[in-house]
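Chains, contacts and geometry: an overview
Listed here are the chains, written in short residue letters.
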Protein chains: 2
Amino acid sequence: MEIIDCDVHVYPRNAEEIKRYLPQPWKHRFHIWSNAYYAEKVETNRTVPPNGAGPGTDPDFLIRQLIKEEGVAQAILLPRANVSIHHDPDQAAMEASAYNNWLSDTWLTSHNPDGVFKGSITIAHQDPAAAAKEIEKWADHPHMVQVIMDTGARAPFGQRHYYPIYEACARYRLPLAVHPGTDGMGVNILASQGYPSHFLEWYAGFSLSMQVHLLSLLTEGVFERFPELKMIFVEGGIAWLPALMWRLDQEYKGLRSEIPWTKQMPSLYLKEHVRFTTHPLERPEKDGDLTDVLAMMNCEDLLLYASNYPHQYCASPRDLHFLPETFKPKIFAQNAKQLYRL
Amino acid sequence: MEIIDCDVHVYPRNAEEIKRYLPQPWKHRFHIWSNAYYAEKVETNRTVPPNGAGPGTDPDFLIRQLIKEEGVAQAILLPRANVSIHHDPDQAAMEASAYNNWLSDTWLTSHNPDGVFKGSITIAHQDPAAAAKEIEKWADHPHMVQVIMDTGARAPFGQRHYYPIYEACARYRLPLAVHPGTDGMGVNILASQGYPSHFLEWYAGFSLSMQVHLLSLLTEGVFERFPELKMIFVEGGIAWLPALMWRLDQEYKGLRSEIPWTKQMPSLYLKEHVRFTTHPLERPEKDGDLTDVLAMMNCEDLLLYASNYPHQYCASPRDLHFLPETFKPKIFAQNAKQLYRL
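So, here's what we can say about the structure. Please read these numbers as outputs of a predicted model, since none were measured by experiment.

Considering the overall build of chain A
Along the backbone of chain A there are 13 helices and 8 strands. Relative to the 2.2 N^0.38 estimate, which gives 20 Å for 342 residues, the radius of gyration of chain A is 19 Å and therefore close to what a compact globule would have. With the C-alpha coordinates aligned to their principal axes, the bounding extent of chain A is approximately 55 × 45 × 40 Å. Counting across all 342 residues of chain A, residues that qualify as buried make up 67%. Put simply, 79% of the contacts in chain A that link residues at least 6 apart link residues at least 24 apart. Accessible surface for chain A amounts to roughly 12,200 Å². Of this, 49% is attributable to carbon and sulfur atoms. Both charge centroids of chain A, one from 32 positive and one from 41 negative side chains, sit 3 Å from each other.

Remarks on the pairing of strand 5 (residues 176-179) of chain B
All names here are of chain B. Residues Leu176 and Val178 line one face of strand 5 and the alternating positions Ala177 and His179 line the opposite face, and both faces are buried. When strand 4 (residues 144-150) meets strand 5, the two strands line up parallel, connected through 4 bridges. Residue pairing in the sheet places Met149 in a bridge with Val178 of strand 5. Chirality of the crossover, the property in question, places the unit of strand 4, helix 6 (residues 163-171) and strand 5 among those that are right-handed.

Quick notes on the sheet that holds strand 8 (residues 303-304) of chain A
Residues and elements named next belong to chain A. The 8 strands lie next to each other as 1-2-3-4-5-6-7-8, forming an open sheet whose pairing is parallel. Edge positions in the sheet fall to strand 1 (4-8) and strand 8, since each has one partner strand and no second. Running at roughly 155° to strand 3 (residues 117-122), helix 5 (residues 128-138) makes contact with strand 3 and strand 4 (144-150) of the sheet.

A short note on the relation of the copies chain A and chain B
Each copy of the chain is related to the other by a rotation around an axis and a translation along that axis. Once turned by 180° and shifted 0.0 Å along the axis, chain A lies on chain B with an RMSD of 0.0 Å. Such a turn and shift between the copies fits a two-fold axis. Among all C-alpha atoms of chain A, that of Trp240 of chain A lies closest to the rotation axis, at 2.7 Å. Interface residue correspondence from chain A to chain B reaches 100%, placing this contact among same-surface, isologous pairings.

Overview of the packing of helix 10 (residues 241-255) of chain B against helix 11 (residues 266-273) of chain B
Residue and element names in this part refer to chain B. At a closest axis distance of 8 Å, the pairing of helix 10 and helix 11 adopts a crossing angle of 135°. Viewed along their axes, helix 10 and helix 11 adopt a mutual orientation that is oblique. Of the residues in helix 11, those in contact with Leu241, Met245, Leu248, Asp249 and Tyr252 of helix 10 are Pro266, Ser267 and Leu270. Broken down by class, the residue content of the contact of helix 10 with helix 11 amounts to 6 nonpolar, 1 polar and 1 charged.

Focus: the interface of chain A and chain B
It is common to report an interface's size as the accessible area lost on association of the parts. Contact residues are listed per partner, giving 56 residues for chain A and 56 residues for chain B. Buried surface at the junction of chain A and chain B, summed over both partners, amounts to about 4,900 Å²; 66% is from carbon and sulfur atoms. When the buried area of chain A at its contact with chain B is split by residue, Leu200, Trp246 and Arg247 of chain A rank highest and sum to 17% of it. Seen at the junction of chain A and chain B, the total is 0 salt bridges. For the pair chain A and chain B, the number of links is 14 residue pairs in polar contact (both at pLDDT 80 or more).

Some words on the state of the cysteines
Throughout the structure, instances matching the rule amount to 0 disulfides over all chains. In this structure Cys169 of chain A is a free cysteine whose sulfur lies 16 Å from that of Cys6 of chain A, the closest cysteine sulfur available.

Examining the pairing of strand 1 (residues 4-8) of chain B
All names here are of chain B. Most of strand 1 sits inside the fold, with 5 of its 5 residues counted as buried. Pairing of strand 1 with strand 2 (residues 74-77) involves 3 bridges; the strand directions are parallel. Residue pairing in the sheet places Ile4 in a bridge with Gln74 of strand 2.

Observations regarding the side chain of His141 of chain B
Residues and elements named next belong to chain B. Along the chain, His141 falls in the loop between helix 5 (128-138) and strand 4. Reaching out from His141, the side chain makes a polar contact with the side chain of Ser104 at a distance of 3.0 Å. In contact with His141, not counting residues within four places along its chain, are Ser104 and Leu108.

Remarks on the nonpolar core
Ranked by internal contacts, the top residues of the largest apolar core, which has 217 residues, are Tyr166, Leu241 and Phe276 of chain A together with Tyr166 and Phe276 of chain B. Look past the residues within four positions of Tyr166 of chain B in its chain and what remains in contact with it is Met149, Phe157, Leu176, Leu217, Val222, Phe226 and Leu229 of chain B.

Thoughts on the sheet that holds strand 3 (residues 117-122) of chain B
All names here are of chain B. An order of 1-2-3-4-5-6-7-8 is seen for the 8 strands of this open sheet, with the pairing classed as parallel. Of all strands in the sheet, those bounded by a partner on one side alone are strand 1 and strand 8 (303-304). Bridging between strand 2 and strand 3 involves 2 bridges; their strand directions are parallel. Within strand 3, the position partnered with Ile76 by the bridge is Lys118. The strands touched by helix 5 within the sheet are strand 3 and strand 4, with strand 3 carrying the most contacts at an inclination of about 155°.

Considerations on unusual backbone geometry
Here His279 of chain A and Pro280 of chain A are connected by a cis peptide whose omega angle stands at -5°. In this fold, Pro280 of chain A is placed in the loop between strand 7 (274-277) and helix 12 (287-296). Between Tyr309 of chain B and Pro310 of chain B the backbone carries a cis peptide bond, its omega angle lying at 5°. You can see Pro310 of chain B is positioned in the loop between strand 8 and helix 13 (328-340).

Observations regarding the pattern of salt bridges
Residue and element names in this part refer to chain B. Across all of its chains, the model carries 24 salt bridges over all chains by this definition. The partner of Lys137 in a salt bridge is Glu134, and the shortest N-O contact between them spans 3.4 Å. Of this pair, Lys137 and Glu134 both sit in helix 5, separated by 3 residues, roughly a single helical turn. Judged by relative accessible area, Glu134 falls into the buried class, the value being 10%.

Cut-off values and rules
- Residues numbered from 1 in each chain as written.
- Chains lettered and ligands numbered in written order.
- Predicted model: local features only at pLDDT ≥ 70, side-chain atom pairs only at ≥ 80, totals over all residues.
- Heavy atoms only, no water.
- Helix = DSSP H or I, 4+ residues; strand = E, 2+ residues; numbered from the N terminus.
- Rg over C-alpha atoms; globule rule 2.2 N^0.38 Å.
- Buried < 20%, exposed > 50% of the residue type's maximum accessible area, 1.4 Å probe, protein only.
- Contact = heavy atoms within 4.5 Å.
- Areas by Shrake-Rupley, 256 points an atom, 1.4 Å probe, with all protein chains shown as cover.
- Lys, Arg positive; Asp, Glu negative; His and termini not counted.
- Charge placed at Lys NZ, Arg CZ, Asp CG, Glu CD.
- Pairing = 2+ DSSP bridges.
- Right-handed = clockwise from strand over helix to strand, strands pointing away.
- Axes fitted to C-alpha atoms, helices over the stretch in contact; angles between N-to-C directions.
- Least-squares fit on C-alpha atoms with pLDDT ≥ 70 in both.
- Parallel < 35°, antiparallel > 145°, perpendicular 65-115°, else oblique.
- Nonpolar A, V, L, I, M, F, W, Y, C, P; charged D, E, K, R; others polar.
- Buried area = accessible area lost by both parts, 1.4 Å probe.
- Salt bridge = Lys/Arg side-chain N within 4 Å of Asp/Glu carboxyl O.
- Polar contact = N/O pair within 3.5 Å; in protein donor to acceptor, adjacent residues only side chain to side chain.
- Disulfide = S-S within 2.5 Å.
- Core = buried A, V, L, I, M, F, W, Y, C linked by side-chain atoms within 4.5 Å.

Put into structure tokens, the structure is as follows:
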């Protein structure tokens, strides 16, 4: 079966790989961000390259593990620059731009002779106008297939100051992926559960960040304003989706006068405009409970296969053996091909 | 069928009814709080008493509508003092205490000849030690059956500074209800989705506030530390519960070394210690989808019937006609009788 992996993380080997694209004073101030707030508590060795460097830094090793052994036909690369951590919007925008240059020169060109890698344009949502310019700069790149930004933010994503980002994504038909990152850290009290005490609480709460942003996007009418906009909610699960949409659709019936720009049930915008990735899918004791919940909202049309390689929790296509056979071609490849026009 | 209504709101007729229990300077500073941030956008006339006063202020009218017409045998009263809005913890604690005096003298005594009304001890979570004293003061009251606090807070409820509240609730075997209120307002950025733009977004987001607090309580090990503590999550729905617990249980397997005080799957603590109210239940197009989801976690053992009377969205037992017959005795009365020892 054809497999497109929609959540693969690649990293620079060292800070110099990014610094070469940064002018001063940003170069001087740059360091590779590591999560000192909610550090992961379980380590993996499986994705460490033979030279002992960081996971996701060695193209030969990544191609062997992900492309050859797992049989992935195309991998959508999501660099994790975590630029939303910065108080200074210029530092954030410059680093986003440097990551884009780095990705283009390395994983999308020199490491990409077979064209199996597709890239994401990193943006900093602190300055939406600058982010829109960054999107414009890369929109014609043959291997950049989407835009990526972190969920950690100071306001939910439906609010108006973000609209230059959506306008640019819609204009260039670039889907916008939102990925967990910096939630509850530094300036980013939102969207998150605030300041959890442990990594487990923080990690399980990604699904709540996603719901906060989704609720905001749907009630603010973003998809009515930007009919070409598509978004992907990465790494936040999906089993919560029916409950949220049932609640929202139900209350919309009584309260739609408050948001008159929303002209149809919120769940209809969702189905048209929003996609989700499979990893980590919620896993009940009985697989059938999950597939029943997925079927309630035709989630087989909304899900994109994702491994989260090379993180410790990374998944394999085999982990989804329990899905109904009718779901698999859509989830493993068809939905992604349609979304990214691959 | 016997019906116990676990979410009925009563209000003072005017500020004087509360002020008489407040010493100066708190009396001078008191006013009945009205939600100027996310005001409800739909009005109801049905629960306005014949004298035109505020809904939930007239005992004769409430008894006629709720007890006689709906056939409710006992009503758990939850005053909505919204004391969590205060920056000043003393103002909050004094107002909570005044509301308790008022509730005891009126709805639990002079308005309660038949004993159909049971009350909630209002506390302000800004000062947990003061809240514990307030609980202790009312613990022996014959009609006070639980403690109530608002979900709007500065930190999620699993964190340690709240423990004096849980210790007092556990000691006196008083269940602790958490009710939406002041989320995203004033000092309370948590637990909420931050600062939504519209009432609909805010209201639909109650379920997210509940999940934030629940995740915190379960990962911090509150129910292991306080084995007698029971909590009720009021007005936040329940259809999201399987998805959240699947995610949390799954991640617990890999990350339990981080929270060693949690000795069993988080969902087992949940089933033992946490209850939810029925209003507003999420309502999909197909009733069967909801009952399927409820059955996945035996939610018939976790749910308490609640009308939310006299608010505009208040429900009737008839609204739950679609529930399986085997669920109804538990949800309408048995679960509440067991929890409140009625």
